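Read off the chains here:
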Amino acid sequence: MALALSMLHTGRWTPLPALAGTLGGLWLLDYVLIGTRYRNANGFMECGLNCSTLQDLVGLEFWYGGALLVLAILGSLGALAVIGLRGLLAGRSS
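Treat the numbers as computed from the prediction; the structure is a model and nothing was measured.

> In this structure, what is going on with the overall build of the protein? I would like to understand it.
Broken down by element type, the protein carries 3 helices and 0 strands. Here the protein holds 94 residues, and 24% of them are scored as buried. Relative to all contacts within the protein whose residues are 6 or more apart in sequence, the contacts with residues 24 or more apart total 56%.

Here it is in structure tokens:
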């Protein structure tokens, strides 16, 4: 959220798409690990307190990474909209 606010202030929007791309890539990797059942990565929901490190990381990235990905995309779109509106308003005032 701080990135989105700083981007709105400076008018630059490159960090959020980069963050969205990174999170999207990690989420896709998790999807592949879960789908191929690599080292029981798909058991992250049922392992309870006996999860392996891989299961913990896959579960963490799968749930929180997806939520952060949605927030990064929405933040990017919001920043683009505000920057576009500023450009339109600046063009009208001259």
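Having seen it, we continue.
> Got a minute to help me understand the nonpolar core in this structure?
When a protein is soluble and globular, its nonpolar side chains tend to lie buried together. Membership of the largest hydrophobic core is limited to 5 residues, which are Leu33, Ile34, Ala41, Phe44 and Val58. If near-sequence neighbours (up to four positions away) are discounted, Phe44 is found in contact with Ile34, Cys51, Gln55, Val58, Gly59, Phe62 and Trp63.

> Explain the state of the cysteines here, please?
A covalent bond bridging the sulfur atoms of two cysteines is what the word disulfide describes. Within the structure shown, the criterion is met by 1 disulfide. Residue Cys47 pairs covalently with Cys51 via a disulfide, S to S 1.7 Å. Its S-S torsion of approximately 70 degrees makes the covalent link between Cys47 and Cys51 right-handed. Residue classification places Cys51 among the partly exposed positions, given a relative accessible area of 21%.

> For this particular structure, what's the right way to read the packing of aromatic side chains?
How two aromatic rings sit relative to each other is given by the distance of their centres and the angle of their planes. For the structure shown, the criterion picks out 4 aromatic pairs. Centre to centre, the rings of Trp27 and Phe62 are 5.4 Å apart; their planes meet at 15 degrees, and the pair counts as stacked. With Trp27 in helix 2 (residues 15-36) and Phe62 in helix 3 (residues 53-93), this residue pair connects regions lying 35 residues apart in the sequence. Judged by relative accessible area, which is 28%, Trp27 ranks as partly exposed. A centroid spacing of 5.1 Å and a plane angle of 80 degrees characterise the contact between Phe62 and Trp63, whose relative ring orientation is edge-to-face.

> So what exactly am I meant to see when it comes to the side chain of Asp30 here?
Following the sequence through the fold, Asp30 ends up in helix 2. This buried residue, Asp30, is left without a salt bridge; Arg39 holds the nearest opposite charge, at 13 Å. Side-chain polar atoms of Asp30 contact the backbone nitrogen of Phe62, separated by 3.4 Å. Setting aside its immediate chain neighbours within four residues, Asp30 contacts Leu57, Val58, Glu61 and Phe62.

> Help me out: how do you make sense of a nonpolar patch on the surface in this one?
A grouping of Met45, Leu57, Leu60, Trp63 and Tyr64 is seen on the molecular surface, where their side chains present a nonpolar patch of about 620 Å² in accessible area. Turning to its location among the elements, Leu60 is positioned in helix 3. Leu60 sits in the partly exposed class, given a relative accessible area of 48%.

Reading guide: rules and limits
- Residues numbered from 1 in each chain as written.
- Predicted model: local features only at pLDDT ≥ 70, side-chain atom pairs only at ≥ 80, totals over all residues.
- Heavy atoms only, no water.
- Helix = DSSP H or I, 4+ residues; strand = E, 2+ residues; numbered from the N terminus.
- Buried < 20%, exposed > 50% of the residue type's maximum accessible area, 1.4 Å probe, protein only.
- Contact = heavy atoms within 4.5 Å.
- Core = buried A, V, L, I, M, F, W, Y, C linked by side-chain atoms within 4.5 Å.
- Disulfide = S-S within 2.5 Å.
- Phe/Tyr/Trp six-rings, centres within 6.5 Å; stacked < 30°, edge-to-face > 60°.
- Lys, Arg positive; Asp, Glu negative; His and termini not counted.
- Salt bridge = Lys/Arg side-chain N within 4 Å of Asp/Glu carboxyl O.
- Polar contact = N/O pair within 3.5 Å; in protein donor to acceptor, adjacent residues only side chain to side chain.
- Patch = residues over 30% accessible without salt bridge, like charges linked within 9 Å, V, L, I, M, F, W, Y side chains within 5 Å.
- Areas by Shrake-Rupley, 256 points an atom, 1.4 Å probe, with all protein chains shown as cover.

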